[in-house]
Amino acid sequence: IAKYGCDVYMMDPTLPPGTYSWLHGKQKFFPIGLSDTSVIYQINLTTYADWQGMINMTVTSFDNVHKMIGHSGAVHYLKMDIEGNEWKSVGYMMEHDLLKGTQQIMVELHSGTFPTMPMDEAVLHFREKWLFLEQLEDHGFLRVRYDPTLSIESIYNIPGTNRTMQICGEMFLIRRNRENLL
């Protein structure tokens, strides 16, 4: 994308120092994560291949990221894979009207549920998530595509049945022109 003249800002608070030291020009990396507030977590990353021990993981809000990187223009493509923080982050962005200049969003959605949740609780949980996603339409977005994440960790076994459903996936949204809608 940078080859076409776009500024590309990449962020991940869990990567080892120097992982993106080869970037230059329009590609920039920041060791932070996205959330609805600014906080530093101490997490144990011994389960990851390249890390040993505890690290401090910094997360901050979308408007603080803009200030930190000195960005004030439109966001043409916002890609989020923030392992469950997407609900808080996008909620914060909608609540503070921070998506005005954003044209496209690709977000990995994690349901936040677990495989043993009773069906009545799961129905309420998924309904809440669906209503939240519908709010994105009020902010000018149209859901274009959803692809489930096909992994054993993202399967919900529907109690009392032999059926399952994927509870994690990638959603693509685009800004729509509200004046031209029928």
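This is a predicted model, so every value here is computed, not measured.

1. Details of the sheet that holds strand β8 (residues 141-148)
Link 1 in the chain: Taken in spatial order, the four strands line up as β6-β7-β11-β8 in an open sheet, and their pairing is mixed. Each of the sheet's edge strands pairs with one partner strand only, and the pair in question is β6 (78-80) and β8. Neighbour-to-neighbour, the strand axes of the sheet open up by a mean angle of 20°, direction not taken into account.
Link 2 in the chain: Pairing analysis gives seven bridges linking strand β7 (residues 104-110) to strand β11 (residues 168-175), with the strands arranged antiparallel. Within β11, the residue paired with Met106 across the bridge is Phe172.
Link 3 in the chain: Against the sheet, helix α2 (residues 86-95) touches β6 and β7, its axis set at about 140° to β7.

2. Description of the environment of Tyr4
Link 1 in the chain: Relative to the helices and strands, Tyr4 is located in the segment before β1 (8-11).
Link 2 in the chain: The exposure class assigned to Tyr4 is exposed, which follows from its relative accessible area of 76%.
Link 3 in the chain: For the pair Tyr4 and Lys26, spaced 22 residues apart in the sequence, the C-alpha separation amounts to 9.9 Å.

3. Looking at the packing of aromatic side chains
Link 1 in the chain: Taken as a whole and judged by the stated rule, the model has four aromatic pairs.
Link 2 in the chain: Taking 4.6 Å as the distance between ring centres and 25° as the angle between the ring planes, the aromatic pair formed by Tyr20 and Phe29 counts as stacked.
Link 3 in the chain: For Phe29, a relative accessible area of 23% puts it in the partly exposed group.
Link 4 in the chain: Feature note: the residues Tyr20, Trp22 and Phe29 constitute an aromatic cluster, connected by ring pairs.

4. Observations regarding the pattern of salt bridges
Link 1 in the chain: Inspection of every chain in the model, using the stated rule, returns five salt bridges.
Link 2 in the chain: In this structure, Arg145 engages Asp147 in a salt bridge whose closest nitrogen and oxygen atoms are separated by 2.7 Å.
Link 3 in the chain: A relative accessible area of 32% places Asp147 in the partly exposed class.

5. Remarks on the environment of Val65
Link 1 in the chain: Mapped onto the secondary structure, Val65 falls in helix α1 (residues 62-69).
Link 2 in the chain: When its relative accessible area of 5% is taken as the criterion, Val65 is described as buried.
Link 3 in the chain: For the pair Val65 and Gly33, spaced 32 residues apart in the sequence, the C-alpha separation amounts to 9.1 Å.
Link 4 in the chain: With residues near it in sequence (within four places) discarded, Val65 still touches Met11, Ile32, Leu34 and Thr60.

Reading the values: the criteria
Residues numbered from 1 in each chain as written. Predicted model: local features only at pLDDT ≥ 70, side-chain atom pairs only at ≥ 80, totals over all residues. Heavy atoms only, no water. Pairing = 2+ DSSP bridges. Helix = DSSP H or I, 4+ residues; strand = E, 2+ residues; numbered from the N terminus. Axes fitted to C-alpha atoms, helices over the stretch in contact; angles between N-to-C directions. Contact = heavy atoms within 4.5 Å. Buried < 20%, exposed > 50% of the residue type's maximum accessible area, 1.4 Å probe, protein only. Phe/Tyr/Trp six-rings, centres within 6.5 Å; stacked < 30°, edge-to-face > 60°. Salt bridge = Lys/Arg side-chain N within 4 Å of Asp/Glu carboxyl O.

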